[in-house]
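Structural description and commentary
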Amino acid sequence: MIRIGPAGWSYDDWWGRVYPHPAPRGFDPLEYLARYFDTIEINSSFYRPPTTAMTRRWVARVGENPRFKFTAKLYRKFTHERTPTPEDEASFKRGMEPLVEAGKLGAVLLQFPWSFKNTPDAREYISELVRRFAEYPLVVEVRHASWNVESVYEFFREHNVGFCNIDQPVFRRSLGPTRRVTAPVGYVRLHGRNYDNWFSESATAAARYDYLYSHEELKPWIENIRAIAQTAADVYVITNNHYQGKGVVNALELKADIEGTAVPVPEPLIRAYPRLESLALTTDFSR
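Residues numbered from 1 in each chain as written. Predicted model: local features only at pLDDT ≥ 70, side-chain atom pairs only at ≥ 80, totals over all residues. Heavy atoms only, no water.

Helix and strand content of the protein: 11 helices and 10 strands. Along the first, second and third principal axes, the C-alpha set of the protein runs to 55 × 40 × 40 Å. By the burial criterion, 55% of the 287 residues in the protein qualify as buried. Within the protein, counting contacts between residues at least 6 apart in sequence, those at least 24 apart form 73% of the total. Element-wise, carbon and sulfur atoms account for 48% of the exposed surface of the protein, whose accessible area totals about 12500 Å². (Helix = DSSP H or I, 4+ residues; strand = E, 2+ residues; numbered from the N terminus. Buried < 20%, exposed > 50% of the residue type's maximum accessible area, 1.4 Å probe, protein only. Contact = heavy atoms within 4.5 Å. Areas by Shrake-Rupley, 256 points an atom, 1.4 Å probe, with all protein chains shown as cover.)

Following this line, the structure appears as structure tokens:
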């Protein structure tokens with residue numbers, strides 16, 4: 001099973017591009033996206049653990065798509081600040097319970113920044129997180145090239161932890177594209193290639209992920225995804241270049257190529273990005 005979808009669903013700049021504007025009465029962005037995609041990466045869990053009430057509602061809102069599974073980013077206190085408390089762990093796990101019980105949690109992503117380099121302390125820290133969150137299908141994302149060594153992949157294989165294959169602006173010590181599979185879950189994240197803003201301290205998150213992949217740039221990833229699917233039982237492909245819905249555009253293009261057929265495309269997105277006309281079915285799920 002290859003599931004393709006965007007990172008997050010709550011962005012103001014998606015109205016009128018991904019979502020209809022003005023929205024019809026009762027319009028639900030998450031329910032809407034679940035009609036086009038079989039996965040969405042929960043982005044908000046990086047900033048704060050979701051409550052059980054929130055995740056129960058999310059399960060209900062994607063209920064019309066039986067193939068749908070979420071992935072969730074681990075709370076940033078574990079990965080970026082690295083100052084978690086026992087309550088942080090308990091709170092995150094409580095929030096995941098409704099997703100697990102409904103069979104809607106595909107993976108928990110441990111996403112680390114470029115500054116997190118391969119050192120003995122860093123390896124020990126990952127080992128500790130893997131132990132603490134062992135009840136979930138885990139995937140680790142690292143961005144520094146120092147992690148690209150066989151001993152790291154062997155550790156992931158031994159502990160049944162997935163390796164996140166990423167596309168990012170490649171500087172001297174940045175991890176380049178890979179097609180690694182170290183667990184039953186295969187994972188791909190496309191961040192865009194905005195070199196100007198990637199390491200800019202003044203750039204907003206929107207500016208950092210403001211990038212639309214061309215068809216030519218996606219072709220190698222289509223090959224990588226197919227190769228990953230030859231080994232992994234479940235593959236998640238997440239487009240994180242979210243600015244102005246560009247990740248949704250690229251997710252639909254990847255889906256059409258992987259499935260080898262036209263796919264439903266939101267009508268507002270076709271108007272904003274006419275290049276989608278060539279792969280779009282006429283079905284409109286916006287109503």
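What follows covers the environment of Thr239. Along the polypeptide, Thr239 turns up in strand E8 (residues 234-239). Expressed as a C-alpha distance, the spacing of Thr239 and Gly5, which sit 234 residues apart in the sequence, is 6.4 Å. Excluding anything up to four places from it in sequence, Thr239 contacts Gly5, Pro6, Ala7, Leu190, Gly247, Val248, Asn250, Ala251 and Leu254. Engagement of the side chain of Thr239 in a polar contact is seen with the backbone oxygen of Gly247, the distance being 2.7 Å. (Polar contact = N/O pair within 3.5 Å; in protein donor to acceptor, adjacent residues only side chain to side chain.)

What follows concerns the pairing of strand E6 (residues 162-167). Counting buried positions along E6 yields six of six residues, so the element is predominantly enclosed. Bridge count for strand E5 (residues 138-141) against E6 is two bridges, and the pairing is parallel. Across the sheet, residue Val139 finds its bridge partner in E6, namely Gly162. Considered for its hand, the β-α-β crossover made up of E5, helix H6 (residues 150-158) and E6 is right-handed. For E6 and strand E7 (residues 185-190), the ladder comprises four bridges, and the chain directions are parallel. Directly across from Ile166, in E7, lies its bridge partner Arg189. (Pairing = 2+ DSSP bridges. Right-handed = clockwise from strand over helix to strand, strands pointing away.)

Counting residues in hydrophobic clusters, the biggest one holds 77 residues, and the most contacted among them are Trp9, Leu33, Phe70, Phe112, Ile126 and Leu269. At seven residues, the largest contribution of residues to this core is made by helix H10 (residues 246-259). Of all hydrophobic cores here, the second largest spans 10 residues; its members include Leu109, Val139, Ile166 and Tyr236. (Core = buried A, V, L, I, M, F, W, Y, C linked by side-chain atoms within 4.5 Å.)

So, on to the pairing of E5. Neither face of E5 is exposed, since Leu138 and Val140 on one face and Val139 and Glu141 on the opposite face are all buried. As paired strands, strand E4 (residues 105-111) and E5 are joined by four bridges and run parallel to one another. When the bridges of E5 are listed, Val108 appears paired with Leu138. Viewed along the sheet, the connection from E4 through helix H5 (residues 120-132) into E5 turns out right-handed.

By the definition in use, this model includes 22 salt bridges. One salt bridge in this structure joins Arg67 and Asp38, with 3.4 Å as the shortest N-O distance. Remark: Asp38 occurs in the loop between helix H1 (29-33) and strand E2 (39-42) and Arg67 occurs in the loop between helix H2 (52-61) and strand E3 (69-73); sequence separation between them is 29 residues. The class for Arg67 is partly exposed, based on a relative accessible area of 42%. Across the salt bridge formed by Glu141 and Arg143, the nearest N and O atoms sit 2.9 Å from each other. Like Arg143, Glu141 is buried. The network of salt bridges with common partners includes Glu41, Glu141, Arg143 and Arg189. (Salt bridge = Lys/Arg side-chain N within 4 Å of Asp/Glu carboxyl O.)

As a further point, take unusual backbone geometry. Cis geometry marks the peptide bond from His21 to Pro22; its omega dihedral reads 5°. Residue position: Pro22 is located in the loop between strand E1 (2-6) and H1. The backbone of Arg82 shows a phi angle near 55°, a positive value even though the residue is not glycine. Mapped onto the elements of the fold, Arg82 is located in the loop between helix H3 (76-79) and helix H4 (86-101). Within the chain, Asn160 stands out as a residue other than glycine whose phi angle is a positive 60°. Its location among the elements puts Asn160 in the loop between H6 and E6. By relative accessible area, Asn160 is classed as partly exposed at 49%.

Before going further, it helps to examine the sheet that holds E6. Read from one edge of the open sheet, eight strands run E1-E8-E7-E6-E5-E4-E3-E2, paired in parallel fashion. Every interior strand has two partners, whereas the edge strands, E1 and E2, have only one. Going from strand to strand, the sheet's axes swing by 25° on average, the running direction of each strand aside. In the sheet, E2 pairs with E3 via four bridges, with the strands oriented parallel. For Ile40, the partnering residue across the bridge sits in E3 and is Phe70. Each of E2, E3 and E4 touches H4; the most contacted strand, E4, lies at about 150° to it. Relative to E1, H10 is tilted by about 160°, and along the sheet it contacts E1, E7 and E8. (Axes fitted to C-alpha atoms, helices over the stretch in contact; angles between N-to-C directions.)

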